[in-house]
Structures are given as C-alpha cells and as structure tokens.
Amino acid sequence: MKYLYTENESDQVQTNFMKNGKVIHIPSKEKKKYILLHDFIKRLDEEKMYY
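A quick note: this is a predicted structure, and the numbers were derived from the prediction, not measured.

Peer 1: Any chance you could break down the overall build of the protein for me, citing the residues and the numbers?
Peer 2: Across its full length, the protein carries two helices and two strands. Secondary structure elements of the protein occur, N-terminal to C-terminal, as α-β-β-α. Its C-alpha atoms put the protein at 30 × 25 × 20 Å along the principal axes. Across the 51 residues that make up the protein, the buried fraction comes to 18%.

Right, here's the structure in full:
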C-alpha cells in the first residue's frame, strides 16, 4: 500500500523515531513505518550492492 504524506509529516516522523540518522524506535502506525522505510530507501545507492 502506498501512503501520501507531506514533508512536514516526514520531518516529524524522523524527529520522533530517528537520532543521528538511525532508527531508535519503530512506530506502531503503518503509515509512519512506511514513511521511515521510504526515507531509508531513498538514501540507498543504486550502484552499490548490499549484502
């Protein structure tokens, strides 16, 4: 499922659930989990192989 969210929502989720670029708590709401995962995926390098 794809969620629509604003930049403000993304910033708020990152503020509440991340510290120094690392997830410190996993949100219980599915939309917030989606936001964290989507932001995390955007940071991955397409050219790099992750094992």
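Peer 1: Explain the nonpolar core to me, and be specific about the residues and the numbers.
Peer 2: Counting five residues, the largest nonpolar core consists of Val13, Phe17, Met18, Ile35 and Leu36. Of all the secondary-structure elements, those providing two or more residues to this core are helix 1 (7-17) and helix 2 (30-42). Beyond its immediate sequence surroundings of up to four residues, Ile35 is in contact with Tyr5, Glu9, Ser10 and Val13.

Peer 1: Which residues make up the confidence of the model for the protein, and what are the values?
Peer 2: Per-residue confidence for the protein averages 93 on the pLDDT scale, and 100% of its residues sit at or above 70. Mean pLDDT values over the elements of the protein span from 90, in strand 2 (residues 22-23), up to 96, in helix 1.

Peer 1: Describe the packing of aromatic side chains, and please don't skip the residues or the numbers.
Peer 2: Under the definition given, this model contains two aromatic pairs. Geometrically, the ring pair formed by Tyr3 and Tyr34 is edge-to-face, given 5.5 Å between the ring centres and 65° between the ring planes. Placement of the pair is Tyr3 in the segment before helix 1 and Tyr34 in helix 2, with a sequence separation of 31 residues. Judged by its relative accessible area of 19%, Tyr34 falls in the buried class. Every member of this aromatic cluster is reached through a ring pair, and the members are Tyr3, Tyr5 and Tyr34.

Peer 1: Describe the pattern of salt bridges, and please don't skip the residues or the numbers.
Peer 2: By the definition in use, this model includes two salt bridges. A salt bridge links Asp39 to Lys42, with the nearest nitrogen and oxygen atoms 3.4 Å apart. Taken together, the residues span about one helical turn, with Asp39 and Lys42 both in helix 2 at a distance of three residues. Owing to a relative accessible area of 6%, Asp39 belongs among the buried residues under this scheme.

Thresholds applied
Residues numbered from 1 in each chain as written. Predicted model: local features only at pLDDT ≥ 70, side-chain atom pairs only at ≥ 80, totals over all residues. Heavy atoms only, no water. Helix = DSSP H or I, 4+ residues; strand = E, 2+ residues; numbered from the N terminus. Buried < 20%, exposed > 50% of the residue type's maximum accessible area, 1.4 Å probe, protein only. Core = buried A, V, L, I, M, F, W, Y, C linked by side-chain atoms within 4.5 Å. Contact = heavy atoms within 4.5 Å. pLDDT = per-residue confidence, 0-100. Phe/Tyr/Trp six-rings, centres within 6.5 Å; stacked < 30°, edge-to-face > 60°. Salt bridge = Lys/Arg side-chain N within 4 Å of Asp/Glu carboxyl O.

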